[in-house]
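# Tertiary structure, described
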Amino acid sequence: MTVSDQVYNARIVSSVAATVISLACGTNYVYSAWAPQFSDKLLLSATESNLIGLAGNLGMYSMGVPVGMFVDSKGPRPAVIVGSILLGLGYYPLHQAYDAGHGSVPWMCFVSYLTGLGGCMAFAAAVKTSALNWPHHRGTATAFPLAAFGLSAFFFSLIGSIFFPGSPSKFLMLLAYGTFGLTLSGFFFLRVLPPHSPYHAVPDAEPGMADSRELRRTASQESKARASRGNPSEPGMSSNTIENTTITNKTQEATGKDDGAHSIRDTQSPTPVPDSDRKGIATTTTRAVEAEEAASGNQDGADETSSLLSQSTLSSSLPGEVLVQSSVDMDRSHRVDIRGMNLLMNLEFWQLFTIMGILSGIGLMTINNIGNDVTALWKHYDDSIDDKTLVLRQQLHVSILSIGSFSGRLLSGVGSDFLVKVLKSSRVWCLVIASGIFSIAQICALNMENPHLLGFVSGFSGLGYGFLFGVYPSIVAESFGIHGLSQNWGFMTLSPVISSNVFNLFYGTVYDAHSIKDRDGVSSCTEGLQCYRAAYAVTLCACGLGLIVTLWVIRHQWKARLAESAGKNRARE
């Protein structure tokens, strides 16, 4: 087996590990499977129950920026370890509170927050690893951990319904041990691998290229120094050496003086680098190169052996000089690096931030409250239904939501690659599809009084939510650059914190307004569809707003890319 085959196999194993880790990170979406019974036993109102669920969402989304910076700076693996511990520490106290039959709402909100934060850390690491390991197929590669994240609720509710039917206590224990175990097992196989070795023979020059200059990559002094002492850096970490992968005229002049990152030579009759020398170089600098290559996302062999010229040399004064860009430079996600304050000053960021907030808030309202929808419709439809049957019905709809989310994430990830590579269209069209699917879900929720048809609400809500989150990391990477993906994604996921709070608390207010308390203080609503209908009327209007903003983004991107393309053409001329 060749070295490239070994790296390819290791990359596959790492992707499987990222998928397994993601399977444990989406358990906040199984909240509806145990929340109604949890609320009944602890005598919580619908609003208090929503606060506990919102705390989990808050943990998942509010810390996205520092978690992203942590993953970018320390690498993915430390985030997985911390995430696994937080998941276990979050769910186990909830299991104890249910067994005890009482608990402080602020304390339960805090431990619920830990479950969200733990899932956020491990999931960010899984997505970053997948994006770095497969630069040519980023949409497809990230679709698998994203889809597994969406399938998490189905996975755990299926196990719970088989082994612990009608037992919220044991189900919470399953969540505590299961999430910890899955993330910890995935940690041992999660690695960031360089897409391809940068050391290749420099090809012969094409006829008529006598005046051109080709570049042969060698190890920089900094890389040699790191290699000599053993670079302890975690693969996938951000590094200042990323800047060295783009060669400018000034760098070319400097390297002639101090043996920098690249050497320049005439290529009238180039001589390939001997295999023995190349292996020697690669051996001494392997660890340093891994971090640099994983961050920069270098492409395949043909790209690496092409002439590499900076954008500053696009207008050449030398007759006959041929201008060639590597595919790394031609891939926008590698050319652009917008983060920090520059991100906050970018109009496209706020457009995407708004879309994420509107659509994710709509989806999270149904995800967190599908259990209440089930309870309201079934108690109105059949007042003799027992609690065990009700729990199974709730778990069924959580599973439908989860499968819908899984399908949406997978379809949008692969579909977005098809849009870009085959149809030459924007990935943002997937968000138009998501808006349409959400609209159908809201219309179903406003009109379906038969609980047997509630599957349309949960199914379309899950599918729309999956379409939204399946494509969004690729959109963020394409718009603002791959190198700051984790922290930029962290900024983007702050938007659901705002919108989910608004929509969920509004739902809780509407539901409580139609609820009555019995002698034991247990709150319930038996009015069927009227228990929550007003909440879905608001979210349907929000779908229309989300669709309008999405179409605005597509037009804005089209005009911006058109201007960028025109600028490149003028530079070539």
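Refer to the structure above for everything that follows.
Here's a quick rundown of the structure. Here the structure is a predicted model, which means the values were calculated and not measured. (Residues numbered from 1 in each chain as written. Predicted model: local features only at pLDDT ≥ 70, side-chain atom pairs only at ≥ 80, totals over all residues. Heavy atoms only, no water.)

## Considering the overall build of the chain
Across its full length, the chain holds 23 helices and 4 strands. Among the 573 residues that make up the chain, the fraction classed as buried is 55%. Here the analysis covers contacts within the chain between residues at least 6 apart in sequence; of these, 84% occur between residues at least 24 apart. Just so you have it, the chain exposes about 23,400 Å², and 62% of that area is on carbon and sulfur atoms. (Helix = DSSP H or I, 4+ residues; strand = E, 2+ residues; numbered from the N terminus. Buried < 20%, exposed > 50% of the residue type's maximum accessible area, 1.4 Å probe, protein only. Contact = heavy atoms within 4.5 Å. Areas by Shrake-Rupley, 256 points an atom, 1.4 Å probe, with all protein chains shown as cover.)

## Some words on the environment of Val420
With respect to the element layout, Val420 can be found in helix α18 (residues 387-421). The class of Val420 is partly exposed, set by a relative accessible area of 23%. The contact partners of Val420, leaving out residues within four places of it in the chain, are Ser425, Arg427 and Glu478.

## Focus on the pattern of salt bridges
Following the criterion strictly, the structure yields 2 salt bridges and no others. Of the charged contacts in the structure, one is a salt bridge between Asp337 and Arg339, with a shortest N-O distance of 3.0 Å. (Salt bridge = Lys/Arg side-chain N within 4 Å of Asp/Glu carboxyl O.)

## Some remarks on the packing of helix α17 (residues 347-381) against helix α22 (residues 495-513)
The contact between α17 and α22 brings their axes to 7 Å, and the two run at 30 degrees. The two elements α17 and α22 cross, and the hand of that crossing is right-handed. When the residues that make up the contact of α17 with α22 are grouped by side-chain class, the tally is 11 nonpolar, 11 polar and 1 charged. (Axes fitted to C-alpha atoms, helices over the stretch in contact; angles between N-to-C directions. Left-handed = near helix turned anticlockwise from the far one by under 90°. Nonpolar A, V, L, I, M, F, W, Y, C, P; charged D, E, K, R; others polar.)

## Comments concerning a nonpolar patch on the surface
On the surface, Tyr8, Ile12 and Val16 cluster together into a nonpolar patch covering about 260 Å² of accessible area. Examined against the element boundaries, Val16 turns out to sit in helix α1 (residues 3-23). Under the relative-accessibility criterion, Val16 is labelled partly exposed at 49%. (Patch = residues over 30% accessible without salt bridge, like charges linked within 9 Å, V, L, I, M, F, W, Y side chains within 5 Å.)

## Topic: the packing of helix α5 (residues 76-100) against helix α6 (residues 105-133)
In the contact formed by α5 and α6, the axes pass within 7 Å of each other and the chain directions differ by 155 degrees. On the basis of the axis angle, α5 is roughly antiparallel to α6. Considering the relative orientation of α5 and α6, their crossing is left-handed. Contacts between α5 and α6 involve Pro76, Ala79, Val80, Val82, Gly83, Leu86, Leu87, Gly90, Tyr91, Pro93, Leu94 and Ala97 from the first element and Trp107, Met108, Val111, Leu114, Thr115, Leu117, Gly118, Gly119, Met121, Ala122, Ala125 and Thr129 from the second. Taken together, the residues that form the contact of α5 with α6 break down as 18 nonpolar, 6 polar and no charged. (Parallel < 35°, antiparallel > 145°, perpendicular 65-115°, else oblique.)

Taken by themselves, the reported measurements are silent on function.
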